[in-house]
2 protein chains.
Amino acid sequence: MKYSYVSHLYCPKCSSTYSTKDQQQLCTCGSPLLVAYDMEGIKKNLTPDHLKDRKPDLWRYHELLPVEDESNVVSLGEGMTPLVHLPRLGDAMSLENLYIKDEGLVPTGSFKARGAAVGVSKAKELGVEALAMPTNGNAGAAWALYAARAGIRSTIVMPEDAPEITRNEVAISGADLYLVNGLISDAGKIVGSAVKDQELYDVSTLKEPYRIEGKKTMGLEIAEQFGFNMPDVILYPTGGGVGLIGIHKALKELRTLGWVKGDLPRLVAVQASGCAPIVKAWEAGERESEFWHDSETKAFGINVPKALGDFLVLDALYETDGCAIAIDDTEMLREQKHVANLEGNFVCPEGAAAFAAARRLRENGWIAEDEKVVVLNTGAGIKYPDTVDIDPIMLEKGDVLPK
Amino acid sequence: MKYSYVSHLYCPKCSSTYSTKDQQQLCTCGSPLLVAYDMEGIKKNLTPDHLKDRKPDLWRYHELLPVEDESNVVSLGEGMTPLVHLPRLGDAMSLENLYIKDEGLVPTGSFKARGAAVGVSKAKELGVEALAMPTNGNAGAAWALYAARAGIRSTIVMPEDAPEITRNEVAISGADLYLVNGLISDAGKIVGSAVKDQELYDVSTLKEPYRIEGKKTMGLEIAEQFGFNMPDVILYPTGGGVGLIGIHKALKELRTLGWVKGDLPRLVAVQASGCAPIVKAWEAGERESEFWHDSETKAFGINVPKALGDFLVLDALYETDGCAIAIDDTEMLREQKHVANLEGNFVCPEGAAAFAAARRLRENGWIAEDEKVVVLNTGAGIKYPDTVDIDPIMLEKGDVLPK
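The name an unreviewed UniProt entry assigns to chain A is Threonine deaminase, from the organism Salinicoccus cyprini. In the Cofactor (unreviewed entry) part of its UniProt record, chain A is described as follows: "pyridoxal 5'-phosphate".

*Asks:* What am I meant to see in the overall build of chain A here?
*Replies:* When helices and strands are tallied, chain A shows 13 helices and 14 strands. Its C-alpha atoms give chain A a radius of gyration of 21 Å, near enough to 22 Å, the size a compact globule of 403 residues would have. Dimensions of chain A, computed from C-alpha atoms along their principal axes, come out at roughly 65 × 50 × 45 Å. Nonlocal contacts in chain A, meaning residues at least 24 apart in sequence, comprise 71% of its contacts between residues at least 6 apart. Of the accessible surface of chain A, which amounts to about 14100 Å², a share of 45% is contributed by carbon and sulfur atoms. Between the centroid of the 42 positive side chains of chain A and the centroid of its 58 negative side chains there is a distance of 3 Å.

*Asks:* How do you make sense of the interface of chain A and chain B when you look at a structure like this?
*Replies:* Bring the parts together and some accessible area is lost; that lost area is often taken as the interface size. Listed as interface residues are 70 residues of chain A and, on the opposing side, 70 residues of chain B. Roughly 6000 Å² of surface becomes buried between chain A and chain B when both sides are summed, with 64% attributable to carbon and sulfur atoms. Linking chain A with chain B are four salt bridges, by the criterion used here. Linking chain A with chain B are 22 residue pairs in polar contact (both at pLDDT 80 or more). With seven residues, the top contributor of residues to the side of chain A that touches chain B is helix α6 (residues 164–172) of chain A.

*Asks:* Just checking my understanding: could you explain the environment of leucine 264 of chain A for this structure?
*Replies:* Residues and elements named next belong to chain A. Mapping leucine 264 onto the fold places it in the loop between α9 (242–257) and β11 (266–272). Judged by relative accessible area, which is 12%, leucine 264 ranks as buried. Non-local contacts of leucine 264, meaning those with residues more than four positions away in its chain, are made with Met230, His248, Leu251, Lys252, Arg255 and Thr320.

*Asks:* Any chance you could explain helix α6 (residues 164–172) of chain B here in plain terms?
*Replies:* For the α-helix, the turn length of 3.6 residues means that residues three or four positions removed from each other point alike. The buried fraction of α6 of chain B amounts to seven of the nine residues, a majority that puts the element mostly inside the structure. When α6 of chain B is considered as a whole, its buried residues turn out to be Ile165, Thr166, Arg167, Asn168, Glu169, Val170 and Ile172 of chain B. Where the residues of α6 of chain B are buried, they touch α6 and α12 (329–343) of chain A together with α5 (138–150), β7 (153–159) and β8 (176–181) of chain B. Phi turns positive, to about 85 degrees, at glycine 174 of chain B, one or two residues after α6 of chain B.

*Asks:* Please clarify how the packing of helix α4 (residues 112–125) of chain B against α5 of chain B should be interpreted in this entry.
*Replies:* Helix packing geometry: the angle between the two helix axes and the distance between the axes. Residue and element names in this part refer to chain B. Packing of α4 against α5 brings their axes to within 9 Å, and their N-to-C directions diverge by 40 degrees. As far as their axial angle goes, α5 and α4 are oblique. Our pair here, α4 against α5, has a crossing hand that is right-handed. The residues of α5 that touch α4, namely those facing Lys112, Ala113, Gly115, Ala116, Ala117, Gly119, Val120 and Lys124, are Asn138, Ala139, Ala142, Trp143, Tyr146, Ala147 and Ala150. Taken together, the residues that form the contact of α4 with α5 break down as ten nonpolar, three polar and two charged.

*Asks:* Please explain the sheet that holds strand β10 (residues 233–237) of chain A as it appears in this structure.
*Replies:* Paired through backbone hydrogen bonds, the strands of a sheet run either parallel or antiparallel to each other. Residue and element names in this part refer to chain A. Across the sheet, six strands lie side by side as β4-β5-β13-β10-β11-β12; this open sheet has mixed pairing. Each of the sheet's edge strands pairs with one partner strand only, and the pair in question is β4 (83–85) and β12 (323–327). The sheet shows a mean angle of 25 degrees between the axes of neighbouring strands, direction not considered. Pairing geometry for β11 and β12, over five bridges, is parallel. Within β12, the residue paired with alanine 272 across the bridge is isoleucine 327.

*Asks:* What's the story with the relation of the copies chain A and chain B in this structure? I'm lost.
*Replies:* If you rotate chain A by 180 degrees and push it 0.0 Å along the axis, it lands on chain B with an RMSD of 0.0 Å. The two molecules are tied by a two-fold rotation axis, judged by turn and shift. The rotation axis passes nearest to the C-alpha of leucine 105 of chain A in chain A, at a distance of 2.4 Å. Interface overlap between copies is the fraction of interface residues in one copy that are interface residues in the other; for chain A against chain B it reaches 100%, indicating a shared surface.

*Asks:* What should I look at first to understand the sheet that holds strand β2 (residues 17–18) of chain A in this one?
*Replies:* Residue and element names in this part refer to chain A. Pairing is antiparallel across the open sheet formed by three strands, whose spatial order is β2-β1-β3. The sheet terminates laterally at β2 and β3 (34–37), the two strands that pair on one side only. Bridging between strand β1 (residues 6–10) and β2 involves two bridges; their strand directions are antiparallel. Its bridge partner being in β2, tyrosine 10 is matched across the sheet by threonine 17.

*Asks:* Hey, could you run me through the packing of aromatic side chains in this one?
*Replies:* Given two aromatic rings, one states the distance between the centres and the angle between the planes to describe the pair. This model, assessed by the stated rule, comprises eight aromatic pairs over all chains. Seen in terms of ring centroids, phenylalanine 300 of chain B and tyrosine 384 of chain B are 4.9 Å apart; in terms of plane orientation they differ by 25 degrees. Their pairing is stacked. With a gap of 84 residues between them, phenylalanine 300 of chain B in the loop between α10 (277–283) and α11 (310–319) and tyrosine 384 of chain B in the loop between β13 (372–377) and β14 (393–396) connect regions that are remote in the sequence. According to the relative accessible area criterion, phenylalanine 300 of chain B is buried, its value standing at 16%. The aromatic ring of tyrosine 61 of chain A is capped on one face by arginine 60 of chain A, whose charged end is 5.9 Å from the ring centroid. Here arginine 266 of chain A stacks its cationic end above the ring of tryptophan 366 of chain A, 4.4 Å away from the centre of that ring.

*Asks:* Quick question: what am I supposed to make of the side chain of asparagine 303 of chain A here?
*Replies:* Residues and elements named next belong to chain A. The topology assignment puts asparagine 303 in the loop between α10 (277–283) and α11 (310–319). We classify asparagine 303 as buried; its relative accessible area is 17%. Side chain to side chain, asparagine 303 and serine 295 meet in a polar contact 2.6 Å long. Here asparagine 303 is in contact with Asn136, Cys275, Ser295, Glu296 and Thr297, once residues within four sequence places are set aside.

*Asks:* What's the story with unusual backbone geometry in this structure? I'm lost.
*Replies:* In most cases, non-glycine residues show a negative phi, while peptide bonds are predominantly trans. Residue and element names in this part refer to chain B. A positive phi angle is found at methionine 80, which is not glycine, with a value near 50 degrees. Along the chain, methionine 80 turns up in the loop between α2 (48–51) and β4 (83–85). Judged by relative accessible area, which is 13%, methionine 80 ranks as buried. One non-glycine residue, aspartate 321, lies in the positive phi region at around 55 degrees. With respect to the helices and strands, aspartate 321 occurs in the loop between α11 and β12 (323–327).

Conventions we followed
Residues numbered from 1 in each chain as written. Chains lettered and ligands numbered in written order. Predicted model: local features only at pLDDT ≥ 70, side-chain atom pairs only at ≥ 80, totals over all residues. Heavy atoms only, no water. UniProt positions renumbered as here; feature names shortened; annotations may be inferred. Helix = DSSP H or I, 4+ residues; strand = E, 2+ residues; numbered from the N terminus. Rg over C-alpha atoms; globule rule 2.2 N^0.38 Å. Contact = heavy atoms within 4.5 Å. Areas by Shrake-Rupley, 256 points an atom, 1.4 Å probe, with all protein chains shown as cover. Lys, Arg positive; Asp, Glu negative; His and termini not counted. Charge placed at Lys NZ, Arg CZ, Asp CG, Glu CD. Buried area = accessible area lost by both parts, 1.4 Å probe. Salt bridge = Lys/Arg side-chain N within 4 Å of Asp/Glu carboxyl O. Polar contact = N/O pair within 3.5 Å; in protein donor to acceptor, adjacent residues only side chain to side chain. Buried < 20%, exposed > 50% of the residue type's maximum accessible area, 1.4 Å probe, protein only. Axes fitted to C-alpha atoms, helices over the stretch in contact; angles between N-to-C directions. Parallel < 35°, antiparallel > 145°, perpendicular 65-115°, else oblique. Left-handed = near helix turned anticlockwise from the far one by under 90°. Nonpolar A, V, L, I, M, F, W, Y, C, P; charged D, E, K, R; others polar. Pairing = 2+ DSSP bridges. Least-squares fit on C-alpha atoms with pLDDT ≥ 70 in both. Phe/Tyr/Trp six-rings, centres within 6.5 Å; stacked < 30°, edge-to-face > 60°. Lys NZ or Arg CZ within 6 Å of the ring centre and 35° of its normal.

Here it is in structure tokens:
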């Protein structure tokens, strides 16, 4: 039995195919590439029962991942994050079956670790010695740390005002860290020219095909954790959209394998009101989004004015009868408090936006009371020290607490 | 079959026993209380095979935990953290079998979540409506968030200079948060008098008996993850020492069950040179430690001048032929970089101290090259933004990266 049943790469726009044996970036037509597997081979050799004896990390799905030789796996134990029922918050929203999938519990504290684990592993398999990426923070942190474990040199360029904690993570990995007095788009241009000149593997969002495969495992896990029954709705905070694209791909693959049946869950792309290009495109019924000027939100992970994979996100929404919805920062931060107060989850602002979206979609009837709803919290709240208002009472030594 | 085989509480100093049906704090003799189980009952009804179908969280060991009714379990999905081989760091230390047990991957980002999950669950079972604790940060964060999920009101008192991130966690939980212009001992006095006056359940370290049981699961997991073969050495950053006491208790319980055999691993208590009361006591062959004046270290989690359970920690070291060792802050922070550079783990300073201890104990021959060594990383590095030196290169828009 093979470790991976990876078959080839294909372009979802022009249908060109490419080999997984060489380093690939975008299709010649400019589209991101997707990974195909020998699904018949997997069907013959793998059943859900095989998973039971495997470790609770994302490599339990190795047949459906692109790394062919197990010795190339670069893992810090990422994956199989908790899927937890939230009865008290659900009660407050009149949603009986509200769940959190908590991606704060992975190395580097955000779901970016999944993409980095699989992406770096495949880069190692393909002989990459140095990689480079522009980042708003979390992705750079994850890729730099996994690259360190792989012995791959990394060059990370981030805006000067990217969060300090992610900067720390990159610095301590030993990566070459550059701060640019500008936006992630400026960082992207600097990386773009360096890649050409210096033989660096460009791991910008969707410019290499394997990050999606790592993120896909969120979808595989949700299905497995529900005993291979699908939920009705999955809400995902959407910036670059790779997580949502990945979950959609995962569920379609599981359906091809016959492990899940019936309609896919309705996928919901949640954005910030200050940066909502996907929402605007979905509302207009478009297949691609337009660049969102002067974007602004405290949820920096979804501050992405134009995603390279926007058409894949929109496809996922249309195919599953899903929707797109924008939440403003005030509502987002209010919801962050609700979640912590009622359930003890300190979610990131992006995750809080997705909870606020669930609340709104329940209120307007788009979600029914008894539907099974999964909200993805894409990172740990502790990575965002500036989102919490503190109003503690100050005491002196020997003081007595007020009753 | 029962959910829990909890039997009673006993005092390790004077052997008095207490019921687990009522709220208990310390023994009348002043010692912390320990939890006993009906081990014969567990032997008859549970085998390691039963664990295979259970979720990868600490409640998989529910027979060996004190919560009797499953409906009282307050869980955010904590436990079964990764145990990961570190070949590159091991090579640099000439330790072939070096492993990290990574407690950064739990809710609230530190191992304190284990104690809080079990402690709060049992408090709920015992009808507690309000709890209080003094904290240096991480414990307060964990207990406040779990208490929120349980619907229990919490009062948290922390020194003004406790880390901002843990302060945020407490605040967002909705707990009553007080900052004291003093040390944790001053916070402790304020909590102590409030407990008497206001019917609060005192959950200060070891003043309630169930926190140890949560921490114990680290030992259970290490054993299970190694297929119920024990490692040779376990290194633990030691402040209050509850984690080390818990691991010791777990391994003895597994031996009583016959699930593991032979000598227990040698347990190592790792402290900071600026606060090393256990090390001093161990070096002198004492059974208790003395208060350490003017303690100071960047690893605030192990800044505990005198632990209530010091005698239990020292017992664990003597019984297992272990040792105690102090690491200074400079060495600790250097090791933190090594770990990240070579393996991609961004460990907390306390965890880094334990890695530095492994390095030193290998150098002086106390650990042999082929021994199986587990280092506990007790929290996520991202919770300690001040420990990383940043020296990024600044760029302007349109700049080119240096070769």
